[in-house]
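Now for the letters of each chain:
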Amino acid sequence: MTTSLWRNPKVYGLLGFILVTVPMILFFFAGMPGTRVTETQIGSNETSVTETVWTGAFNPFFLVFVIGASVAVWGFYRSTLMAWIGSLFVLAYSILTIFSVGLLTLPGAVLLVIGVALKTFNKNV
């Protein structure tokens with residue numbers, strides 16, 4: 001029974017979805033410290049560059065992970081191509097943000113990719 005459970009790609013999809021979305025929704029509502037707005041003056045002229053970064057709660061950056069994982073899980077039930085797109089997007093985004101929050105989402109992203117690979121190459125499911 002346990003071997004058939006671990007061959008089911010939907011198990012990997014749901015576990016990956018949970019591991020990706022739970023910390024991101026927590027950070028979305030609670031906020032993550034360390035983001036700020038900086039203003040820099042370039043040279044002697046009056047030109048200034050303002051960098052806009054979200055501060056505190058409701059940072060939409062975290063919802064990108066949730067949307068990507070949702071597309072991947074929806075693809076597990078509907079379309080293999082959509083599952084590949086969502087899984088690879090979450091994996092790439094986790095790798096790009098590895099030094100901020102990507103380390104928390106990387107295990108879930110790997111589980112999503114394993115699940116979609118099982119869905120693609122295992123024709124018995």
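Presented here is an overview of the structure given in this document. The residue numbers shown here count from 1 along each chain, following its written sequence. Thresholds applied to this predicted model are a pLDDT of at least 70 for local features of residues and 80 or more for the giving and counting of side-chain atom pairs; totals over whole chains, interfaces and linings are not thresholded and use all residues. For the side-chain quantities, the full set of heavy atoms in the structure was used; hydrogens and water were omitted.

**Considering the nonpolar core**
Nonpolar cores are built from buried Ala, Val, Leu, Ile, Met, Phe, Trp, Tyr and Cys residues. Side-chain atoms within 4.5 Å join them into one set. Using a 1.4 Å probe on the protein chains alone, a residue whose accessible area is under 20% of its type maximum counts as buried, one over 50% counts as exposed, and one in between counts as partly exposed. Residues Val 20, Met 24, Phe 62, Val 90, Val 101 and Leu 112 are the most contacted members of the largest nonpolar core, which totals 19 residues. Broken down by secondary-structure element, the contributors of at least two residues to this core are helix H2 (9–30), helix H3 (61–77), helix H4 (80–96) and helix H5 (98–121). With near-sequence residues (within four places) excluded, Val 20 lies in contact with Phe 65, Ala 69, Val 90, Thr 105, Gly 108, Ala 109 and Leu 112. Strands are runs of DSSP state E lasting at least 2 residues, helices are runs of H or I lasting at least 4, and numbering of each runs from the N terminus. Two residues qualify as a contact provided that any one of their heavy atoms is within 4.5 Å of a heavy atom in the partner residue.

**Digging into H2**
Counted at 1.5 Å a residue, the expected span for H2 with its 22 residues is 32 Å, and the 32 Å between its end C-alpha atoms agrees. Within 3.5 Å is the distance limit for a polar contact, defined as a pair of N or O atoms, with the added protein rule that one can donate a hydrogen and the other accept it, and that residues adjacent in sequence qualify only through two side-chain atoms. Here H2 starts with a cap whose side-chain oxygen sits 3.2 Å from the backbone nitrogen of Lys 10, and that cap is Asn 8. Two residues or fewer after H2 comes Gly 31, characterised by a positive phi angle close to 90°. Helix span, as expected, comes to 1.5 Å for every residue beyond the first.

**Topic: H4**
Taking 1.5 Å per residue, 17 residues should reach 24 Å; H4 reaches 24 Å between its end C-alpha atoms and fits that length. Among the residues of H4, Ala 83, Gly 86, Ser 87, Val 90, Leu 91 and Ser 94 are the ones counted as buried. Considered in projection along H4, the buried side chains sweep an arc of 125° and stay on one side of the axis. Opposite the buried face of H4, by more than 90 degrees, sit the exposed residues Leu 81, Ile 85, Ile 95 and Leu 96. Where H4 is buried, its residues meet H2, H3 and H5. With a side-chain oxygen positioned 3.3 Å from the backbone nitrogen of Leu 81, the residue opening H4 is Ser 79. By arc we mean the arc of the directions from the helix axis to the C-beta atoms, nothing more.

**Topic: the packing of aromatic side chains**
Ring pairs shown here join Phe, Tyr and Trp side chains whose ring centres sit within 6.5 Å, with only the six-membered ring taken for Trp; geometry is labelled stacked below 30 degrees between planes, edge-to-face above 60, and tilted in between. Taken as a whole and judged by the stated rule, the model has 8 aromatic pairs. Between Phe 61 and Phe 62, the ring centres sit 5.4 Å apart and the planes meet at 65°, which makes this aromatic pair edge-to-face. Residue classification places Phe 61 among the partly exposed residues on the basis of a relative accessible area of 26%. When its relative accessible area of 2% is taken as the criterion, Phe 62 is described as buried. Aromatic side chains Phe 89 and Tyr 93 sit 5.5 Å apart centroid to centroid with 10° between the ring planes, which places their arrangement in the stacked category. Of the two residues, Phe 89 and Tyr 93 both sit in helix H4, 4 residues apart, roughly one turn of that helix. Taking the relative accessible area as the measure of exposure, Phe 89 reaches 37% and is therefore partly exposed. A network of ring pairs unites the aromatic residues Phe 27, Phe 61, Phe 62, Phe 65, Phe 89 and Tyr 93 as a single cluster.

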